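# Analysis of the macromolecular model
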Amino acid sequence: WSSLVGPDTLTDEIKDMTAVVTAATSTASRFKGGGFDDARDGFSMIALAFGVIAAHDENIRWKQHAGAARDLFARAGFACTAGSDRAFREARARIDDLRRLLDGESPDARPDPDRSSWSKVAARQPLMKRLQAAETAIVAGTAARADFDRDRDRLVREAEIVAMIGEVIRQPDFEYHDDETYSGHAATMRDAAVRLREACRRQDHAAARSAAADLKTSCDACHGEYRG
């Protein structure tokens, strides 16, 4: 995993998505009025990030409790498919867990063996939405040299998010993982994202723009065959 995504990207994603789920569940009316969809997306990415931390080959913050955290937030992500009272209570309880983790406390839970496969960490739809957001940022950030120079740090992070998701959706038990065409698109996208990250680190705009174009092409090809 260290070749695809680093500690800073994982911890920053968790912190940013904490803000998303907190806003989405600020009141019951906001949650029921559509905030549950944002909460689902946010909790899914938080669960995925903790899942990768648990499997990561580096010692990252929260690693000791990452398995338990993965399962808590995965449960919240799958619960937030509708704006029900039960889903709202689940989401608010998990936000309390998030705050404790961010404050350095341990979650009051153990890893759930029923959530051992990646398909039970996050559903495909929230991950595709996060990929789309990353792709949009990457295309904009590589369009011109001035944009590239300004946005390189963000581009590195978005590239690592794409690489991480591209690898996760190829894991056993994830939807379509055994479809060679789908797995090939995911691998192409992952590899383009890694090339983009390395181009950003070298401050090579031309290489970054080429990698971003390859990334978009792989995403478009996959959407054309598998969307819906």
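See above for the structure.
None of these values were measured; they are calculated from a predicted model.

### Description of the overall build of the chain
In terms of regular secondary structure, the chain is built from 8 helices and 0 strands. Counting only C-alpha atoms, the chain reaches 50 × 35 × 35 Å along its principal axes. The buried share of the chain, reckoned over its 228 residues, is 51%. By sequence separation, contacts in the chain at least 24 residues apart represent 74% of the contacts at least 6 residues apart. Accessible surface, the chain: about 10500 Å² in total, of which carbon and sulfur atoms supply 45%. On the chain, the mean spot of the 34 positive side-chain charges and the mean spot of the 38 negative ones are 3 Å from each other.

### A word on the packing of helix 1 (residues 7-24) against helix 4 (residues 85-102)
Look at helix 1 against helix 4: their axes get within 11 Å of each other, and the N-to-C directions meet at 145°. The two elements helix 1 and helix 4 cross, and the hand of that crossing is left-handed. Counting all contacts with helix 1, which are made through Ile14, Lys15, Thr18, Val21 and Thr22, the residues of helix 4 involved are Arg92, Ile95, Leu98, Arg99 and Leu102.

Criteria and thresholds
Sequence order as written defines the numbering, with residues in each chain counted from 1. Local features are withheld for residues below a pLDDT of 70 in this predicted model, meaning they are given only at 70 or higher, and side-chain atom pairs are given and counted only at 80 or more; totals for whole chains, interfaces and linings count all residues. For side-chain calculations, the full set of non-hydrogen atoms in the structure is used, while hydrogens and water are omitted. Helix and strand labels come from DSSP, where a helix needs a run of H or I of at least four residues and a strand needs a run of E of at least two; each type is numbered from the N terminus. A simple rule labels every residue: compare its accessible area, found with a 1.4 Å probe on the protein chains alone, to the largest value its type can have, and call it buried under 20%, exposed over 50%, or partly exposed in between. Note on definitions: a residue-residue contact is assigned when non-hydrogen atoms from the two residues lie within 4.5 Å. The Shrake-Rupley method, run with a 1.4 Å probe sphere, supplies the accessible areas, and residue values consider only the shown protein chains as cover. Neither His nor the chain ends contribute to the count of charged residues, in which Lys and Arg are positive and Asp and Glu negative. Charged groups are reduced to one reference atom each: NZ for lysine, CZ for arginine, CG for aspartic acid, CD for glutamic acid. Angles shown run from 0 to 180 degrees and are taken between the N-to-C directions of axes, each axis being a line fitted to C-alpha atoms and, for helices, limited to the stretch in contact. Left-handed describes a crossing whose near helix is turned anticlockwise from the far helix through less than a right angle; right-handed describes the clockwise counterpart.

Note that all results are geometric; they support no functional claim without further evidence.
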